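Listed below, chain by chain, are the residues.
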Amino acid sequence: MTPALEAVDVTRTYRAGDTEVTALRGVSLRIDEGEYVAVVGPSGSGKSTLMHLLGCLDRPTTGVLRVGGRDVARLSDTELAELRNARVGFVFQSFHLLGRTSARDNVALPLVYRGVPRAERRRRAAEALATVGLSHRLDHRPGQLSGGEQQRVAIARALVGDPGVVLADEPTGNLDTRTGDDVMALLERLNRDRGVAIVLVTHEPDVAARARRRVHLRDGMIESDERDTTPLQGPTPPRSDTQPRNDPPSGGDAPPEGDDPSGGDAPPEGDAPPEGDAPPGGDAPPGGGASLGGDGPSGGDVLPGRGASVGGDVPGGDGGSCEEV
Ligand SMILES: Nc1ncnc2c1ncn2[C@@H]1O[C@H](COP(=O)(O)OP(=O)(O)OP(=O)(O)O)[C@@H](O)[C@H]1O
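Rules used throughout
Residues numbered from 1 in each chain as written. Predicted model: local features only at pLDDT ≥ 70, side-chain atom pairs only at ≥ 80, totals over all residues. Heavy atoms only, no water. Salt bridge = Lys/Arg side-chain N within 4 Å of Asp/Glu carboxyl O. Buried < 20%, exposed > 50% of the residue type's maximum accessible area, 1.4 Å probe, protein only. Helix = DSSP H or I, 4+ residues; strand = E, 2+ residues; numbered from the N terminus. Axes fitted to C-alpha atoms, helices over the stretch in contact; angles between N-to-C directions. Parallel < 35°, antiparallel > 145°, perpendicular 65-115°, else oblique. Left-handed = near helix turned anticlockwise from the far one by under 90°. Contact = heavy atoms within 4.5 Å. Pairing = 2+ DSSP bridges. Phe/Tyr/Trp six-rings, centres within 6.5 Å; stacked < 30°, edge-to-face > 60°.

An unreviewed UniProt entry lists the protein under the name Putative ABC transport system ATP-binding protein, from Actinomadura namibiensis.

1. Quick word on the pattern of salt bridges
Oppositely charged side chains are able to pair whenever their charged atoms sit close together. Under the criterion given, the structure shown has 20 salt bridges. The partner of aspartate 71 in a salt bridge is arginine 74, and the shortest N-O contact between them spans 3.8 Å. Of the residues examined, arginine 74 reaches a relative accessible area of 70% and is grouped as exposed. With a shortest N-O distance of 3.1 Å, arginine 123 and glutamate 120 are connected by a salt bridge. In this pair, arginine 123 and glutamate 120 both sit in helix α4 (residues 118-131), 3 residues apart, roughly one turn of the helix. Put simply, Glu35, Arg213, Asp225 and Arg227 are held in one network by salt bridges that share partners.

2. Describing the packing of helix α3 (residues 103-112) against α4
Running from N to C, α3 and α4 cross one another at 120°; their axes reach a closest spacing of 8 Å. Taken together, the axes of α3 and α4 are oblique relative to one another. In this structure, the crossing between α3 and α4 has a hand that is right-handed. On α4, the residues touching Ala103, Arg104, Asp105, Val107, Ala108, Leu111 and Val112 of α3 are Arg121, Arg122, Arg124, Ala125, Ala126, Ala128 and Leu129.

3. So, the sheet that holds strand β1 (residues 5-16)
In a beta sheet, neighbouring strands are held together by backbone hydrogen bonds and run either parallel or antiparallel to one another. Pairing is antiparallel across the open sheet formed by 4 strands, whose spatial order is β2-β1-β4-β5. Strands at the two margins of the open sheet, each flanked by one partner only, are β2 (19-31) and β5 (70-71). Sheet contacts for helix α1 (residues 47-54): β1, β2 and β4 (62-67); angle to β2, the most-contacted strand, approximately 60°.

4. Some words on α1
Given 3.6 residues per turn, any residue in an α-helix points the same way as the ones three and four places further on. Burial analysis of α1 places 7 of its 8 residues in the buried class, the great majority of the element. Of the residues making up α1, those classed as buried are Lys47, Thr49, Leu50, Met51, His52, Leu53 and Leu54. Cysteine 56, located one to two residues past α1, shows a positive phi value of around 60°.

5. Quick word on the packing of aromatic side chains
Under the criterion given, the structure shown has 1 aromatic pair. Judged by centre distance (5.9 Å) and plane angle (10°), the ring pair of phenylalanine 90 and phenylalanine 92 falls under stacked. Accessibility expressed as a relative area gives 7% for phenylalanine 92, which makes it buried.

Below is the structure:
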């Protein structure tokens, strides 16, 4: 089986002025379809850096990174963005929703970059929101939603384009324990019922313990990689294909196969979703291109021209637009 994501002896070195920081030192990791993996380790051990590489938000300094079997080094920035948009969904600790945009339009955003017609985007966004139990909040803006609801909107956005993998960086970090449990239960259900691989960074031992595999990072290296060997409960095998699917998700708790979450992208900076049916940027759609502006380790020095950004300023509604996408 082609791995969903694969890093082979990957390093990542940042330069800050005259200083070099090597955040990853030869990491090899294979994530198969349908896996549920927690990435843990002390602060500064390279967890976020690894997530950004796995999600094609960044490129390794050395080593090989393959997404769906494709070596990212061989891809242009535009191709990389398209690959990201098709295969990877992101969920962040601070949600990264467009503050003046409805839940439905936030969720629809990744589909804009794919050129999905507006009516279809809206339908699929509503279905993705139904999947996370938010059919009754389609027109609410993030500020009108609880933290747990906002994270569920972010999960719906990650899923709307039908990625094989959802990468979640501290998805419960801003939530109280009970709400965090609900969000984890939702991610686990998506993994179990839909076969979406989940890779999550967490500092919380309870959250890590729920994963079937735990990768421990220390000083930019994998210290251990533990797997649960008990049989999976529940009937659903992982997805067997490696191609993104294009059918829309259905509502309800367990959408049938063939639905189409994508995520992969995050809202463009400035909170102004593009209008119309065509992807923005002419022939270079960002395709889920997300940069981690202020708060990400990749901030600033990676993937120029990705188009969309998930800067730290995005969540919370500043600079937002009420326009529909
Ligand atoms: N853009 C950057 N420029 C320079 N150094 C960076 C950059 N991003 C991260 N680093 C450094 O790389 C190392 C790994 O950072 P990373 O954010 O991946 O760690 P982490 O394990 O996710 O930490 P935390 O748990 O605190 O979020 C750290 O030493 C950090 O200071």
